[in-house]
Amino acid sequence: MKVLIIDDERLARKELSNLLAEYKDIEILGEAANADEAEEMIDKLNPDLIFLDIQMPGKTGFELLETLERTPKVIFTTAYDEYALKAFEFNALDYLLKPIEPKRLTESISKIRKEVEAQEEHQKKSNQLTVNDQVFVKDGDNCWFVKLKDVRLFESDGNYIKVYFDKNKPMIHKSLNALDEKLDNKHFFRVSRKHIINLEWIDEIETWFNGGLMVKLKGGDKVEVSRRQATKFKDLMSL
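For clarity, every value in this text was computed on a predicted model and none was experimentally measured.

This brings us to the nonpolar core. Nonpolar side chains in soluble globular proteins tend to be buried together. Formed by 20 residues in total, the largest nonpolar core has its most connected members in Ile6, Ile50, Leu52, Leu64, Leu65 and Phe76. Of all the secondary structure elements, the ones that give two or more residues to this core are β1 (2-6), α2 (35-45), β3 (49-53), α3 (61-67) and β4 (73-78). Top contributing element to this core by residue count: α2, with four residues. Not counting residues within four places of it along the chain, the set of residues in contact with Leu52 comprises Ile6, Gly61, Leu64, Leu65, Val74, Ile75, Phe76 and Thr77. Membership of the second largest hydrophobic core comes to 17 residues, among which are Leu129, Val146, Val151 and Leu183.

Written as structure tokens, this is what we have:
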């Protein structure tokens, strides 16, 4: 998380910088002593988060935010509590009173971590492919547009993946791990190191060696569910 500290008091900047040094996932890009300096640094360095003082010579922290085209996440730092309501009108993540207490700073950092994780999860889900999506598959001179609901199985083969649909099994240059991250886990399941199956294509399931399972897909393909994945698979398929 890339951070910029904006405060007209040098000692306040140094104190906050020392407190933030305890957090290994935070990188301090720099410090600004006024809004004009801050505006230039934000445009140049593109921080994820700014710690922003409100009362500064020249423009206030609020006036700075009004001039920005892209606003980073904001935690206000101030000696005055009367600005709290206005601060949250600017969608501030938190409002820290000086002198900043380490415990309150930890609460703020935890809050922003949760927000970042939620945004990443949302982004991941929005980028996922569902069974209703259509994908382009090319193998040599042959090309197909395939709906994922028609793909029953993905099989890893070295640096390639074999895509099973109809009577076709073209190879695409992609890792199974990368594909697993893109597929909707409500419909596709990683049964082993080598296979991902379409759950809607399951025909039969039977117990197998060493606590694993054997899944038979419509069309006749049989795929072993590893012992490690068998428990997750049972939980997923149970009421």
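Along helix α1 (residues 10-20), the positions that sit buried rather than exposed are Ala12, Arg13, Leu16, Ser17, Leu19 and Leu20. Down the axis of α1, the sector holding all buried residues measures 160°, keeping them to one side. Across from the buried face of α1, at angles greater than 90 degrees, the exposed residues are Arg10 and Leu11.

Cis geometry marks the peptide bond from Lys98 to Pro99; its omega dihedral reads -10°. Along the chain, Pro99 turns up in the loop between β5 (94-97) and α5 (102-126). Of note, the phi angle at Asn46 is positive, near 55°, even though the residue is not glycine. Judged by relative accessible area, Asn46 falls into the partly exposed class, the value being 43%. Of note, Asp166 is a non-glycine position whose phi angle comes to about 50°, a positive value. Inspection of the secondary structure puts Asp166 in the loop between β9 (160-165) and β10 (171-172). The class for Asp166 is exposed, based on a relative accessible area of 57%.

For the rest of this paragraph, the subject is the UniProt feature "domain: Response regulatory" (unreviewed entry) in the protein chain. Taking the numbering used here, the UniProt-annotated feature "domain: Response regulatory" (unreviewed entry) corresponds to residues 2-113. Segment residues 2-113 splits into 42% helix and 23% strand. End C-alpha atoms: 12 Å apart.

Partitioning the protein chain into domains gives domain 1 (2-118) and domain 2 (137-237). Relative to domain 2, the C-alpha centre of domain 1 lies at a distance of 47 Å.

In this section: the pattern of salt bridges. Between side chains of opposite charge, pairing is possible as soon as their charged atoms come close. Applying the stated criterion to the full structure yields 11 salt bridges. Notably, a salt bridge pairs Arg113 with Asp25, separated by 2.9 Å at the nearest N-O pair. Remark: Asp25 occurs in the loop between α1 and β2 (27-32) and Arg113 occurs in helix α5; sequence separation between them is 88 residues. Put simply, Asp94, Arg104, Glu107 and Lys111 are held in one network by salt bridges that share partners.

Tracing the sequence through the fold places Met214 in strand β14 (residues 213-217). What makes Met214 buried here is its relative accessible area of 11%. In this structure, the C-alpha to C-alpha distance between Met214 and Lys169, residues 45 residues apart in sequence, is 21 Å. In this view, Met214 contacts Glu204, Ile205, Glu206, Trp208, Lys222, Val223 and Glu224; residues no more than four positions away in its chain are not counted.

Rules of the game
- Residues numbered from 1 in each chain as written.
- Predicted model: local features only at pLDDT ≥ 70, side-chain atom pairs only at ≥ 80, totals over all residues.
- Heavy atoms only, no water.
- Core = buried A, V, L, I, M, F, W, Y, C linked by side-chain atoms within 4.5 Å.
- Buried < 20%, exposed > 50% of the residue type's maximum accessible area, 1.4 Å probe, protein only.
- Helix = DSSP H or I, 4+ residues; strand = E, 2+ residues; numbered from the N terminus.
- Contact = heavy atoms within 4.5 Å.
- Arc of directions from axis to C-beta.
- UniProt positions renumbered as here; feature names shortened; annotations may be inferred.
- Domains from an automatic or database assignment.
- Salt bridge = Lys/Arg side-chain N within 4 Å of Asp/Glu carboxyl O.

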